[in-house]
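Here is how the chains run, residue by residue.
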Amino acid sequence: AVHGHEVLYGRKRWWLSEKLPPEGVNPKVSTLEWLTTIYPGILNANGGQPPEGLYDCTLHQGDVLYLPAGWYHATLNLDELVSVTYQCKPPEPTA
């Protein structure tokens, strides 16, 4: 399913990757914990920048993000936030 997100008020930080990150994904680790304990090591290993294929962006009021199906992502609200999110699944093929 494709995923869309529009920020109406506030800011939301996103990390996006088409491929599974080399460090894997641990659903028991919150985004805040990942940001403060794991992400600094990723940046340090890449000269202070996200590695190729990992996108780090912040959405502000009025911004819209399109997330293709199958992409890995993590988010963190930076302020009080009002947003609209949608998910669209393609129709099932018919015989």
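Up top you'll find the structure we're talking about.
My aim in this report is to walk through the structure given alongside it, one point at a time.

## Comments concerning the pattern of salt bridges
Counting across every chain of the model gives three salt bridges. We note a salt bridge from Glu92 to Lys89, for which the minimum N-O separation is 3.5 Å.

## Quick notes on helix α1 (residues 31–44)
Taking 1.5 Å of rise per residue, 14 residues should cover 20 Å, and α1 covers 18 Å from first to last C-alpha, within 8% of that figure. Where α1 is concerned, the buried positions are Thr31, Trp34, Leu35, Tyr39, Ile42 and Leu43. On its buried face, α1 sits against β2 (12–17), β3 (54–59) and β5 (72–77).

## Concerning the nonpolar core
Within the largest apolar cluster, eight residues are counted, these being Trp15, Trp34, Leu35, Tyr39, Ile42, Leu43, Leu54 and Leu76. At five residues, the largest contribution of residues to this core is made by α1. Apart from residues no more than four positions distant in its own chain, Trp34 is found in contact with Trp15, Glu23, Val29, Tyr39, Pro40 and Ile42. Residues Val7, Leu59, Leu65 and Leu67 belong to the second largest nonpolar core, which totals six residues.

## Side note on the side chain of Lys12
By the element assignment, Lys12 lies in strand β2. Nearest to the buried, unbridged Lys12 among oppositely charged side chains is Asp79, at 12 Å. For Lys12, the contacting residues outside a window of four places in its chain are His5, Val7, Cys57, Thr58, Leu59, Thr75, Leu76, Asn77, Leu78 and Leu81.

## Quick notes on the pairing of β2
Among the six residues that make up β2, five are buried, leaving the element largely enclosed by the rest of the structure. Here six bridges tie β2 to β3, and the two strands are oriented antiparallel to one another. Each residue of the ladder has a partner; that of Trp15, found in β3, is Asp56. With six bridges connecting them, β2 and β5 associate as antiparallel partners. Considered in β5, the bridge of Leu16 is made with His73.

## Topic: the layout of surface pockets
In this structure, the largest pocket occupies an estimated 380 Å³ of space. Gly24, Val25, Asn26, Trp34 and Ala74 are the residues nearest the centre of the largest pocket, which is lined by 17 residues in total. Only β2, α1 and β5 provide two or more residues apiece to the lining of the largest pocket. By volume, the second largest pocket is sized at about 210 Å³. In terms of lining, the second largest pocket is formed by 14 residues, of which the most central are Ser17, Lys19, Glu52, Gly53 and Leu54. Within the lining of the second largest pocket, the residues separate by chemical class into eight nonpolar, two polar and four charged.

Cut-off values and rules
Within each chain, residue numbers correspond to sequence positions counted from 1 in written order. Per-residue local features of the predicted model are confined to residues with pLDDT of at least 70, and side-chain atom pairs are confined, for both listing and counting, to 80 or more; whole-chain, interface and lining totals are unaffected and use all residues. Side-chain numbers come from the whole structure's heavy atoms, not from hydrogens or water. Salt bridges, as used here, are contacts in which a Lys or Arg side-chain nitrogen is within 4 Å of a carboxyl oxygen on Asp or Glu. A run of DSSP states H or I qualifies as a helix once it reaches four residues; a run of E qualifies as a strand once it reaches two. Both are numbered from the N-terminal end. Here the expected length of a helix is defined as 1.5 Å per residue gap, with one fewer gap than residues. Exposure is judged per residue with a 1.4 Å probe applied to protein chains only, and the accessible area is read against the type maximum: over 50% gives exposed, under 20% gives buried, and values in between give partly exposed. The contact definition used throughout considers only heavy atoms, calling two residues in contact when any of these lie within 4.5 Å. In plain words, nonpolar cores are sets of buried Ala, Val, Leu, Ile, Met, Phe, Trp, Tyr and Cys residues tied together by side-chain atoms within 4.5 Å. Think of it this way: Lys and Arg go in the positive column, Asp and Glu in the negative one, and His and the chain ends go nowhere. Two strands pair if DSSP finds at least two bridges between them. Definitions used throughout: a 1 Å grid over protein atoms alone; a cavity as a set of points that fits a 1.4 Å probe which cannot get out; a pocket as an open set with protein on both sides within 12 Å along at least five of seven lines; a lining residue as one with an atom within 4 Å of a point. Grid points are joined across faces, edges and corners, and a volume is the space filled by probe spheres set on the points. Gly is placed with the polar residues, together with every amino acid not listed as nonpolar (Ala, Val, Leu, Ile, Met, Phe, Trp, Tyr, Cys and Pro) or charged (Asp, Glu, Lys and Arg).

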